[in-house]
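One letter stands for each residue in the lines below.
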Amino acid sequence: MISLLASLYHFFFSASHNIAINTRVNRIATIDGSEKIDGLVMKVEGGRARVCWSKGEKTQEDLRNLVTIVD
C-alpha cells in the first residue's frame, strides 16, 4: 500500500526527471500498462525514454512513469 502511495505521489508531484542514459529504472503501474521492474534507459528524448527490460523487451516510456532504482 505504501509503495502505491509513493508511486502516485511521484507521478503527480515529481518536478524534475533526473533520468539519464544507463540509469536503472522501474515503471510504475498506469492505466495503460502494468508495473515493470529492472529496466535500463538506453536513450532519452524530450519527455520520453527508450528502455530495455529484462528478457530483451524494449519500450518507449514516459519519463514521469519511471522511477530510478537506488542501490
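As shown above, the structure is provided for reference.
Residues numbered from 1 in each chain as written. Predicted model: local features only at pLDDT ≥ 70, side-chain atom pairs only at ≥ 80, totals over all residues. Heavy atoms only, no water.

In this structure, what is going on with the sheet that holds strand β2 (residues 36-45)? I would like to understand it.
Strands belonging to one sheet form pairs held by backbone hydrogen bonds; the direction of such a pair is parallel or antiparallel. An order of β4-β3-β2-β1-β5 is seen for the 5 strands of this open sheet, with the pairing classed as antiparallel. Bordering the open sheet on either side are β4 (58-62) and β5 (66-68), each of which pairs with just one other strand. The average angle at which neighbouring strand axes cross in this sheet is 45°, direction not considered. Alignment of strand β1 (residues 24-27) against β2, held across 3 bridges, turns out to be antiparallel. Residue pairing across strands places Val-25 opposite Gly-39, the latter belonging to β2. (Pairing = 2+ DSSP bridges. Helix = DSSP H or I, 4+ residues; strand = E, 2+ residues; numbered from the N terminus. Axes fitted to C-alpha atoms, helices over the stretch in contact; angles between N-to-C directions.)

When you look at the environment of Asp-62 in this model, what are you seeing that I'm missing?
One can find Asp-62 in strand β4. Judged by its relative accessible area of 23%, Asp-62 falls in the partly exposed class. Counting along the chain gives 35 residues from Asp-62 to Arg-27, while the straight-line C-alpha distance between them is 9.2 Å. Asp-62 has contacts with Gly-47 and Arg-48, leaving out every residue within four places of it along the chain. (Buried < 20%, exposed > 50% of the residue type's maximum accessible area, 1.4 Å probe, protein only. Contact = heavy atoms within 4.5 Å.)

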